[in-house]
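Chain by chain, the residues run as shown.
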Amino acid sequence: MTINTTPIDELIEVPAGLRGVIAAETRLSDVRGSEGFYHYRQYSAIELARGCTFEQVWFLMLEGRLPEAAELDEFTNTVARLRKLPDELLPVLAAATGAEFRPMIGLRTALSMLASVLDLPPLWDADPATCGRDALRLCAMTPTILAALHRLHRGLEPIEPQPNLSTAANWIYQLTGELPDQRAVRAIDRYLVATIDHGFNASTFTARVVASTGADIASALIAAIGAFTGPLHGGAPDRALESLDEIGTPDRIDDWVRAKIRNGDRIMGFGHAVYRTDDPRSLLLRETALEFGGARVDFATTVERRVVELLAELKPGRSIYANVEFYAGVVMELCGIPRPMFTPTFAVSRVIGWTANILEQADTGKIIRPAARYIGPAAPQPVPPVVSRR
Ligand SMILES: CC(C)(COP(=O)(O)OP(=O)(O)OC[C@H]1O[C@@H](n2cnc3c(N)ncnc32)[C@H](O)[C@@H]1OP(=O)(O)O)[C@@H](O)C(=O)NCCC(=O)NCCS
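These lines cover the structure that appears in this document, whether it is placed above or below.

Reading guide: rules and limits
- Residues numbered from 1 in each chain as written.
- Predicted model: local features only at pLDDT ≥ 70, side-chain atom pairs only at ≥ 80, totals over all residues.
- Heavy atoms only, no water.
- Phe/Tyr/Trp six-rings, centres within 6.5 Å; stacked < 30°, edge-to-face > 60°.
- Helix = DSSP H or I, 4+ residues; strand = E, 2+ residues; numbered from the N terminus.
- Buried < 20%, exposed > 50% of the residue type's maximum accessible area, 1.4 Å probe, protein only.
- Pairing = 2+ DSSP bridges.
- Near = heavy atom within 4 Å.
- Polar contact = N/O pair within 3.5 Å; in protein donor to acceptor, adjacent residues only side chain to side chain.
- Areas by Shrake-Rupley, 256 points an atom, 1.4 Å probe, with all protein chains shown as cover.
- Nonpolar A, V, L, I, M, F, W, Y, C, P; charged D, E, K, R; others polar.
- Core = buried A, V, L, I, M, F, W, Y, C linked by side-chain atoms within 4.5 Å.
- Contact = heavy atoms within 4.5 Å.
- Patch = residues over 30% accessible without salt bridge, like charges linked within 9 Å, V, L, I, M, F, W, Y side chains within 5 Å.
- Salt bridge = Lys/Arg side-chain N within 4 Å of Asp/Glu carboxyl O.
- Lys, Arg positive; Asp, Glu negative; His and termini not counted.
- Charge placed at Lys NZ, Arg CZ, Asp CG, Glu CD.

### Observations concerning the packing of aromatic side chains
According to the stated counting rule, one finds 9 aromatic pairs in the structure shown. Centroid distance phenylalanine 59 to phenylalanine 75: 5.6 Å. Interplanar angle 90°. Geometry classified as edge-to-face. In this pair, phenylalanine 59 is assigned in helix α2 (residues 54–63) and phenylalanine 75 in helix α3 (residues 69–81), connecting sequence segments 16 residues apart. Ring centres of phenylalanine 228 and phenylalanine 346 lie 5.2 Å apart, and the angle between their planes is 10°; on these two criteria the pair is classed as stacked. Here phenylalanine 228 is found in helix α10 (residues 217–228), whereas its partner phenylalanine 346 is found in helix α16 (residues 342–364), with 118 residues between them in sequence. Taken together, the aromatic side chains of Phe54, Trp58, Phe59 and Phe75 make up a single cluster linked through ring pairs.

In structure tokens form, the structure reads like this:
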């Protein structure tokens, strides 16, 4: 057991929820909320999303540099070959699709089984090469698990991964059974790159806490997914799309928004804990949606513009803009991703950020062990005599 030996009056008080506290050092990513900017390593994440493939940025997150052409080929082939699931996992996947379809809970369960099947060692005991290989395997298998859960829930056979497809193309293929067109692949690839990592959010912090104990990678990932499924953190791209459906036509926007705010509800797809200006991911995805064009996209841009105006009026001084979720749902719908698989699509990319953070944390060899302020009755009090029934 680790005991905090710092005298109580020397402990440092920090704001509730650790807001504004630096709790670790990282070389992976950072978010600058007031500038509307975030980066992976030393590069703008948005510039990477525009110009690089998911596999290139995955390599960057792990290695700290973009790959040479030959390295990229080798890396792409390696991760594509790792997508296939061990046979022992199939009965677990079938059992994990309960009456209500909750793919992230299914993923958490399947990763737990996978850790046993693959016999993953604790990070503390494994050498860096083994940790790196295990991280790749779990990331590569995550989309296969999620796609299989989706198909099993609909009474369909899971589809084998195709090693000659990119992560983005294979993801759409394994969900729908159809080879996607290039525009859809490029749009999903952009989305995946843009959501790989995003600073020290709750699930990333959770992953690092578990990794800091020296536990195995799957345990740290499962904990991160657990944090991510909480409504205050996990994505809401399907709910943002439901809002568009509910509003229906431009003339209903004002009444709909005013009624929501009157009832104390939040408008899904708007606002962010860190950004105080446009969320750069939302700008990128709006641009991506506009490349598709069409009535749905026109309506979404009209709703976005008006909701921002109304929130400025109804929540003055709050600076609320569209967040990543608003256009994510629109883009995924245009690419043929089924609505229940919007949040899982986010997990296909974020698993890269989680594992990169897990490996970085494990490398420090330091356990994360803060303190809590005790606010119960003063101690010690005399233990009352135990009354015996006999
Ligand atoms: C993301 C979110 C949880 C950030 O919350 P936060 O850090 O507390 O936000 P802020 O400190 O900037 O703003 C708090 C104030 O703005 C209001 N606000 C923030 N986002 C809002 C939204 N989407 N709709 C209505 N009001 C909102 C809050 O009601 C609060 O007002 P109050 O003080 O009068 O109660 C919040 O914006 C939200 O719930 N958004 C909708 C859900 C969503 O899109 N989630 C995906 C996030 S990527």
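### Describing the pairing of strand β1 (residues 29–32)
Here β1 shows a buried face lined by Ser29 and Val31 and an unburied face lined by Asp30 and Arg32. As judged from the 4 bridges shared by β1 and strand β2 (residues 37–40), these two strands associate in the antiparallel manner. Residue pairing for β2: serine 29 is matched across the bridge by tyrosine 40. The antiparallel hairpin formed by β1 and β2 contains 4 residues in its connecting segment, where glycine 36 sits at a positive phi of about 65°.

### Digging into the site of the ligand
Taken together, 17 residues lie near the ligand, and Ile267, Gly269, Phe270, Arg318 and Asn323 sit nearest. Here a nitrogen atom of the ligand sits 2.7 Å away from a polar atom, N or O, in the main chain of isoleucine 267. Between an oxygen atom of the ligand and a side-chain N or O atom of arginine 318, the distance comes to 2.6 Å. For the ligand, the accessible surface in isolation is 870 Å², of which the surrounding protein chains cover 72%. The residue makeup of the shell around the ligand, split by class, is 7 nonpolar, 4 polar and 6 charged.

### Quick notes on the nonpolar core
In terms of nonpolar packing, the biggest core is built from 112 residues, with Tyr40, Ile145 and Ile337 touching the most fellow members. No other element matches the 11 residues that helix α6 (residues 128–153) contributes to this core. Apart from the residues lying within four places of it in its own chain, the contact partners of tyrosine 40 are Leu28, Ser29, Ala45, Leu48, Val57, Leu60, Met61, Val193, Ala194, Thr195, Ile196 and Asp197.

### Observations regarding the side chain of aspartate 279
Here aspartate 279 lies in the loop between α12 (253–262) and α13 (280–292). Aspartate 279 gets classed as buried once you look at its relative accessible area, which sits at 1%. A distance of 2.9 Å separates a polar atom in the side chain of aspartate 279 from a polar atom in the side chain of arginine 281. At 3.0 Å, the side chain of aspartate 279 and the backbone nitrogen of valine 324 are in polar contact. Setting aside residues no more than four positions away along its own chain, aspartate 279 makes contact with His272, Ala322, Asn323 and Val324.

### Regarding a positive patch on the surface
A contiguous patch of positive charge, built from Arg19, Arg266, Arg276, Lys315 and Arg318, is present on the exposed surface. Along the polypeptide, arginine 266 turns up in the loop between α12 and α13.

### Observations concerning the sheet that holds strand β3 (residues 43–44)
Read across the sheet, 3 strands follow the order β1-β2-β3 without closing on themselves; strand pairing throughout is antiparallel. The open sheet terminates on both sides in strands that have one partner only, identified here as β1 and β3. Across 2 bridges, β2 lies against β3 in antiparallel orientation. Bridge assignment links tyrosine 40 to a residue of β3, and that residue is tyrosine 43.

### Brief notes about the pattern of salt bridges
Considering all chains together, one arrives at 20 salt bridges under this definition. A salt bridge links arginine 286 to glutamate 304, with the shortest nitrogen-to-oxygen separation between them at 2.8 Å. Pair noted here: arginine 286 is in helix α13 and glutamate 304 is in helix α14 (residues 295–314), with a separation of 18 residues, a long-range link. Glutamate 304 sits in the buried class, given a relative accessible area of 6%. The partner of arginine 306 in a salt bridge is glutamate 309, with the nearest N and O atoms 2.6 Å apart. You can see arginine 306 and its partner glutamate 309 sitting in helix α14, 3 residues apart, about one turn around the helix. Overlapping salt bridges, with partners in common, bring together Arg50, Arg190, Glu287 and Glu291 in one network.

Worth remembering: the numbers are spatial, not functional.
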